[in-house]
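# Descriptive structure summary
Single-letter residue listing:
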Amino acid sequence: MSKKNKDTILIIEDNEMNMALVREILKRDSSLLEATTGEEGIDLANKFLPDLILLDIGLPGIDGTVVAKTLKENPKTKGIPIIAVTAYVSEYDKERILNAGCDGHIPKPINVKTFENEIRTYLKKTLKMAQTSGSILISICNL
Ligand code: MN
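To keep things clear, this report deals only with the structure shown in the data block. (Residues numbered from 1 in each chain as written. Predicted model: local features only at pLDDT ≥ 70, side-chain atom pairs only at ≥ 80, totals over all residues. Heavy atoms only, no water.)

## Structural notes on the overall build of the chain
Looking only at helices and strands, the chain has six helices and five strands in total. Reading the chain from its N end, one meets helices and strands in the order α-β-α-β-α-β-α-β-α-β-α. Within the chain, buried positions represent 39% of all 143 residues. Within the structure as shown, the chain displays about 8600 Å² of accessible surface, and the carbon and sulfur contribution to it stands at 57%. (Helix = DSSP H or I, 4+ residues; strand = E, 2+ residues; numbered from the N terminus. Buried < 20%, exposed > 50% of the residue type's maximum accessible area, 1.4 Å probe, protein only. Areas by Shrake-Rupley, 256 points an atom, 1.4 Å probe, with all protein chains shown as cover.)

## Regarding the coordination of the manganese ion
Looking at the metal site, the manganese ion is ligated by Asp14 (OD), Asp56 (OD) and Gly58 (O), spaced 2.0 to 2.2 Å from it. With a relative accessible area of 36%, Asp14 lands in the partly exposed category. Here Gly58 falls in the partly exposed class, since its relative accessible area comes to 32%. (Donors = N, O, S within 2.8 Å, 3.2 Å for Na, K, Ca; no water.)

## Section: the sheet that holds strand β1 (residues 7–12)
As summarised here, the arrangement of the five strands in space is β2-β1-β3-β4-β5, forming an open sheet in which the pairing is parallel. The sheet terminates laterally at β2 (30–35) and β5 (104–107), the two strands that pair on one side only. The sheet shows a mean angle of 20° between the axes of neighbouring strands, taken without regard to direction. Against the sheet, helix α2 (residues 16–26) contacts β1, β2 and β3 (52–55), and its axis sits at roughly 165° relative to β2. (Pairing = 2+ DSSP bridges. Axes fitted to C-alpha atoms, helices over the stretch in contact; angles between N-to-C directions. Contact = heavy atoms within 4.5 Å.)

## Here's the deal with the side chain of Glu13
Along the chain, Glu13 turns up in the loop between β1 and α2. Of note is the side chain of Glu13, whose polar atom sits 2.9 Å from the backbone nitrogen of Asn15. Among the polar contacts made by the side chain of Glu13, one reaches the side chain of Lys108 at a distance of 2.8 Å. When neighbours within four sequence positions are excluded, Glu13 is seen to be in contact with Asn18, Met19, Ala35, Thr36, Asp56, Leu59 and Lys108. (Polar contact = N/O pair within 3.5 Å; in protein donor to acceptor, adjacent residues only side chain to side chain.)

Below is the structure:
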């Protein structure tokens, strides 16, 4: 039961060391799904509908911006918040990444002291959004 109450986070990251670091930081309080390519990430997102996606941009095969676009164009997955975690940090790149559909941007190398809190903040925002749309739904049903 406690496992079901955990948030599910999908990590799409091709670098083993980065994946291990993010896993170590998040595994205690979240259920983690891991993909090392964009294609695999899209598959897992569709299968498991995670609460949040952490997306590397530089990936073999399709890159992270294509992954974000693909997920945001699909009605099934478009509501899942996507946070880019990337070494592309110029203003130009940030804009390109947000325009592709990412909801946030965390620069690499990640700050191990603040990373978990940043992620929790995004998850809380998501939860609030879900609760708000839930209550709107209830009000509509009560009309
Ligand atoms: Mn990469």
